[in-house]
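Below are the chains, spelled out letter by letter.
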Amino acid sequence: MSGVVVVGAQWGDEGKGKLVDVFAEKADIVVRYQGGANAGHTLVVNGLKTILHLVPSGILRPETTCVIAAGVVIDVFSIREEIRRLKDSGLLQNPKQLMISDSATIILPYHKALDAARESALSEAKIGTTGKGIGPAYEDRAARRAILFGDIFDRETLYKKLELALQEKNFLLEGFYKLSPFKIDDLMKDLEQVAEELAPYRAKDNSLFIAKSLKSGKRVLFEGAQGTMLDILHGSYPFVTSSSTLASNACASTGVGTNSIQKVIGVFKAYTTRVGSGPFPTELHDEIGKKIQADGHEFGSTTGRSRRCGWLDLVALKYAIRVNGITNLALMKIDVLSGHDRIGICTSYKLNGEIIFDLPTSPYDLEKVEPIIEWLPGWKEDLTKIKSLSDLPRPTTNYIDYVGAQLGTPIDVISVGPGREQTLWVKPLFNN
Ligand code: IMP
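Definitions and cut-offs
- Residues numbered from 1 in each chain as written.
- Predicted model: local features only at pLDDT ≥ 70, side-chain atom pairs only at ≥ 80, totals over all residues.
- Heavy atoms only, no water.
- Axes fitted to C-alpha atoms, helices over the stretch in contact; angles between N-to-C directions.
- Helix = DSSP H or I, 4+ residues; strand = E, 2+ residues; numbered from the N terminus.
- Parallel < 35°, antiparallel > 145°, perpendicular 65-115°, else oblique.
- Left-handed = near helix turned anticlockwise from the far one by under 90°.
- Contact = heavy atoms within 4.5 Å.
- Nonpolar A, V, L, I, M, F, W, Y, C, P; charged D, E, K, R; others polar.
- 1 Å grid on protein atoms, 1.4 Å probe; cavity = no way out; pocket = protein on both sides within 12 Å on 5 of 7 lines; lining within 4 Å.
- Points joined across faces, edges and corners; volume = space filled by probe spheres on them.
- Domains from an automatic or database assignment.
- Near = heavy atom within 4 Å.
- Polar contact = N/O pair within 3.5 Å; in protein donor to acceptor, adjacent residues only side chain to side chain.
- Core = buried A, V, L, I, M, F, W, Y, C linked by side-chain atoms within 4.5 Å.
- Buried < 20%, exposed > 50% of the residue type's maximum accessible area, 1.4 Å probe, protein only.
- Expected span 1.5 Å × (residues − 1).
- Arc of directions from axis to C-beta.

Engineer: Which residues make up the packing of helix H10 (residues 314-324) against helix H12 (residues 394-407), and what values do they have?
Structural biologist: Taken N-terminus to C-terminus, the directions of H10 and H12 make an angle of 50°; their axes are 10 Å apart at the nearest point. Considered as vectors, H10 and H12 are oriented oblique to each other. Note that H10 runs across H12; the crossing there is right-handed. Facing Leu 314, Leu 317, Lys 318 and Ile 321 of H10, the residues of H12 in contact are Tyr 402, Val 403, Gln 406 and Leu 407. For the contact of H10 with H12, the class distribution of residues is six nonpolar, one polar and one charged.

Take a look at the structure:
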């Protein structure tokens, strides 16, 4: 079976969008399997910038079918905007390019209001969420009261479910957070319009479609959002997102068997970033951190927030390789590290006076660890125009070899800039 999963191996924003766009050339289907509009991919094709939040990056290639799986939480207003923009720019001309699962959960304005209210109530202890309503929507799913994408096409069901939801949400918003309630008639009116616009993209059974496609030899790329360290179960809890970001969730969220997966590609940047609160062992609070932030344009495409920056963390990366079953790696944004005299790589942590090589599972311990940094020589050359691996400066090749050897996992792709053409291939994506 030709299923490949692309998963973020750090705290998100690793460059998965660009990679999926590049890989989509070889794929027939691209599936987005979790998260919501909290993700943001900035893609540059022929110098044109496109920002995607929910629609898989494969949409930039007209012959690719893009699927939004049941495990995604869909802000229907946000996706409508995204679709409108894609249509306006001529990228989405045929509705068959996009299939949205009827079983996906929808995010409504009250989820966003609750997200914001909870964050402000937490004050100093806030998670630093994207404010997109992700947590409250996944809560509804787990509590078995979610409104599904398919529900918006059935007026009667939608009304009943909304009525029930609003009883509780409005009680919380008004009674607990002292905010204005939502009116069912306003929501119904807005949702009716949205349903009309989104109807052409409605897909009743994505799981069956993908199973059949895989069986007939089609190549399917599963695109994760956020990153390993933001996983609800295995990330730096509670400073995580509300879904499982791991590769294994590609199968669970889409409804395909684990035997569909041939490869798991872990995407990581040559350094580390994190948005929002929570532990970040290699964070740099100095000029070097600021230089990486500026050179890497490390500002969120969803929230515009500046990303915290630090050296590459091999302890966290080894953990990501283990918990995802990463078989191959893609190293992104190595061009950003040009211009440093020396480059730091964290190879272990010190915790309570002891050197450790495995990521501590307790978030309190992760808060306390000190990174042990090894230094490698830096390079001054601009890498963004390099077309072949053999043209990379010697210190860059040393850096890549060192990281690959430490991780014991092949690095198949090296990216030297945001454009499709700024991609150096070591090995092809699909085996067949
Ligand atoms: P939420 O997903 O909006 O609930 O946010 C929870 C945490 O995940 C916060 O620290 C966010 O900054 C982080 N987060 C969510 N989506 C992304 C992403 O796409 N990239 C990086 N961090 C993210």
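Engineer: Describe the layout of surface pockets, with residues and values.
Structural biologist: The volume enclosed by the second largest pocket comes to roughly 180 Å³. Lining the second largest pocket are 17 residues, and of these Gly 71, Tyr 138, Arg 141, Ser 242 and Ser 243 sit closest to its centre. Listing elements by their share of the lining of the second largest pocket, those giving two or more residues are helix H4 (134-142) and helix H8 (248-254). Looking at the lining of the second largest pocket, the element that brings in the most residues is H4, giving five residues. Of the residues belonging to the lining of the second largest pocket, the class tally is six nonpolar, nine polar and two charged. Split by domain, the residues of the lining of the second largest pocket number at least three in each of domain 1 (2-97 + 204-425) and domain 2 (105-201).

Engineer: An account of the site of the ligand is needed here, citing residue identities and associated values.
Structural biologist: Near the ligand there are 16 residues, and of these Asp 13, Asn 38, Thr 130, Thr 241 and Arg 305 occur at the shortest range. The contact in question runs from an oxygen atom of the ligand to an N or O atom on the backbone of Gly 128, over 3.3 Å. Thr 241 is positioned such that a nitrogen or oxygen atom in its side chain is 2.6 Å from an oxygen atom of the ligand. Taken domain by domain, the shell around the ligand gets at least three of its residues from each of domain 1 (2-97 + 204-425) and domain 2 (105-201).

Engineer: Could you give an account of the nonpolar core, with specific residues and numbers?
Structural biologist: The biggest cluster of nonpolar side chains holds 52 residues, and the ones touching the most others in it are Phe 222, Phe 268, Ile 334, Leu 337, Tyr 399 and Val 403. In contact with Phe 222, not counting residues within four places along its chain, are Gly 3, Val 4, Val 5, Val 6, Val 31, Tyr 33, Ile 210, Ala 250, Thr 254, Val 256 and Ile 261. Counting 43 residues, the second largest nonpolar core, distinct from the first, contains Ala 37, Tyr 110, Ala 165 and Leu 191.

Engineer: Hey, could you go over empty space enclosed by the protein for me, with residue numbers and the actual values?
Structural biologist: Going through the model one piece at a time under the given rule, you end up with one cavity of 30 Å³ or more. One number sums up the size of the largest cavity: a volume of about 30 Å³. Around the largest cavity sit Lys 18, Asp 21, Val 22, Leu 43, Val 44, Pro 418, Gly 419 and Arg 420, which together line it. At the level of elements, helix H1 (16-23) and strand S3 (41-45) are the ones that each hand at least two residues to the lining of the largest cavity. Examining the composition of the lining of the largest cavity, we find that three residues originate from one element, H1, more than from any other. Split into classes, the residues belonging to the lining of the largest cavity amount to four nonpolar, one polar and three charged.

Engineer: Describe unusual backbone geometry, and please don't skip the residues or the numbers.
Structural biologist: A cis amide bond links Tyr 237 with the next residue in sequence, Pro 238, at an omega value of 5°. Mapping Pro 238 onto the fold places it in the loop between strand S10 (220-223) and H8. Backbone geometry at His 297 places phi at a positive 45°, although glycine is not the residue there. Mapped onto the elements of the fold, His 297 is located in the loop between helix H9 (287-295) and strand S13 (308-310). Here the phi dihedral of Lys 333 falls at roughly 60°; this positive angle occurs in a residue that is not glycine.

Engineer: Describe helix H2 (residues 76-88), listing the residues and the values that go with them.
Structural biologist: Compared with the 18 Å implied by 1.5 Å per residue over 13 residues, the 18 Å span of H2 between its first and last C-alpha is a close match. Residues Val 76, Ile 79, Arg 80, Glu 82, Ile 83 and Leu 86 constitute the buried set of H2. Buried residues of H2, viewed axially, fall in a sector of 165°; they line one side. Along its buried surface, H2 packs onto strand S4 (48-52), strand S5 (65-68), strand S6 (73-75), strand S7 (98-101), strand S8 (105-107) and helix H6 (184-198). With a side-chain oxygen positioned 3.0 Å from the backbone nitrogen of Phe 77, the residue opening H2 is Asp 75.

Engineer: Which residues make up the packing of helix H5 (residues 155-176) against H6, and what are the values?
Structural biologist: Put simply, H5 and H6 touch, their axes get as near as 11 Å, and they point 140° apart. Of the possible angle classes, the one that applies to H5 and H6 is oblique. The chirality of how H5 crosses H6 is right-handed. Taken together, the residues of H6 that come into contact with H5 (itself represented by Arg 155, Leu 158, Tyr 159, Leu 162, Glu 163 and Leu 166) are Ile 184, Asp 185, Leu 187, Met 188, Leu 191 and Glu 192. Here the residues of the contact of H5 with H6 are counted per class, giving eight nonpolar, no polar and four charged.

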